[in-house]
Amino acid sequence: MSSLDWLSGEAFAAFGQHVIWSDAIGNTFGLVALALGWKRSIWTWPAQFVAGLILVAAYASAQLSGGVGKQLLVIGVATWGWRQWQRGGSDGEGGSVAVRFATGRERLALLGGTALGTLAVGTLFTALPQLSWNPWPDAYIFVGTLAAMVAQARGLVEFWFAWLLVDVVGVPLAFSSGLAFSGLVYVVYLGLVLWGLRDWWLRSRPSARTAPAF
């Protein structure tokens, strides 16, 4: 049996649904990555990279091309985010990355880019139905994930708001797609996101007035 076959095999059953190994392991790494992001540790990026690699198999087995594309995107952005945090500033607390609120220009760029990106990707998925059986939610999650990771790479508190908006669609979509473990993990994500948002919000206050331009 190949490693890909093993990852696509059943790990356990939950709520009447079969949970595959790639779904379980990949999302466990995703939880670790989010917790490390909350702690502002640079190791959040390798964890996201590994999670993306494994979850490619999970979404492929569920025939969710949009999900596969999202994870490939995660892999690429995780590599970029690692380099950004290596070059970025530290807040002096064990080398943890310094965080701040986005400037008005950055927020406008993130919102505008997310809206236009979702429109473009959703149109592509609609025109090519083989890429996604649920084009607009897939496009929303695809582009929202990119926006969240870009904000995280820049140390922006808005990163957590972006993840909240992705989870609103990601939770029901995961359950309806048969990825029960993903759905449960997204629920746990919600708690981590709220804690992380509070922590980054509080830590951003001293540097909020000296935020660099976009």
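No experiment lies behind these values; they were computed from the predicted model shown.

A. Inspection of the pattern of salt bridges at higher detail. For the coordinates displayed, the defined rule picks out 4 salt bridges. Among the ionic pairs, Glu106 bridges to Arg154, the shortest N-O distance being 3.2 Å. Within this pair, whereas Glu106 is found in helix H5 (residues 104-127), its partner Arg154 is found in the loop between helix H6 (135-153) and helix H7 (158-176), the two being separated by 48 residues in sequence. On the basis of relative accessible area, Glu106 is assigned to the buried category, the value being 0%. Across the pair Arg107 and Glu158 runs a salt bridge, and its minimum N-O distance is 2.8 Å. A residue pair is termed long-range when its members are at least 10 positions apart, and Arg107 in helix H5 and Glu158 in helix H7 qualify at 51 residues. The network of salt bridges with shared partners includes Arg100, Glu106 and Arg154.

B. Region of interest: helix H2 (residues 21-38). Taking 1.5 Å as the rise per residue, H2 with 18 residues should run 26 Å; its terminal C-alpha atoms sit 26 Å apart, in good agreement. All of the buried residues in H2 are Ser22, Asp23, Ala24, Gly26, Asn27, Gly30, Ala33, Leu34 and Gly37. Looking one or two residues past H2, Arg40 carries a phi angle of roughly 60°, positive in sign.

C. Representation of unusual backbone geometry. In this model, Arg40 sits at a positive phi of 60°, which is unusual for a non-glycine residue. When you line up the elements, Arg40 lands in the loop between H2 and helix H3 (44-61). Relative accessible area serves as the criterion here: at 4%, Arg40 is assigned to the buried category.

D. Inspection of the packing of H5 against H6 at higher detail. The N-to-C vectors of H5 and H6 enclose an angle of 145°; their axes lie 8 Å apart at closest approach. Crossing angle aside, the handedness with which H5 passes H6 is right-handed. Note on element contacts: H6 touches H5 through Pro135, Trp136, Asp138, Ala139, Tyr140, Phe142, Val143, Ala147 and Ala151, opposite Leu110, Gly113, Thr114, Gly117, Thr118, Leu119, Val121, Gly122, Thr123, Phe125 and Thr126. In terms of residue class, the contact of H5 with H6 is built from 12 nonpolar, 7 polar and 1 charged.

Here is what the cut-offs are and how they apply
Residues numbered from 1 in each chain as written. Predicted model: local features only at pLDDT ≥ 70, side-chain atom pairs only at ≥ 80, totals over all residues. Heavy atoms only, no water. Salt bridge = Lys/Arg side-chain N within 4 Å of Asp/Glu carboxyl O. Helix = DSSP H or I, 4+ residues; strand = E, 2+ residues; numbered from the N terminus. Buried < 20%, exposed > 50% of the residue type's maximum accessible area, 1.4 Å probe, protein only. Expected span 1.5 Å × (residues − 1). Axes fitted to C-alpha atoms, helices over the stretch in contact; angles between N-to-C directions. Left-handed = near helix turned anticlockwise from the far one by under 90°. Contact = heavy atoms within 4.5 Å. Nonpolar A, V, L, I, M, F, W, Y, C, P; charged D, E, K, R; others polar.

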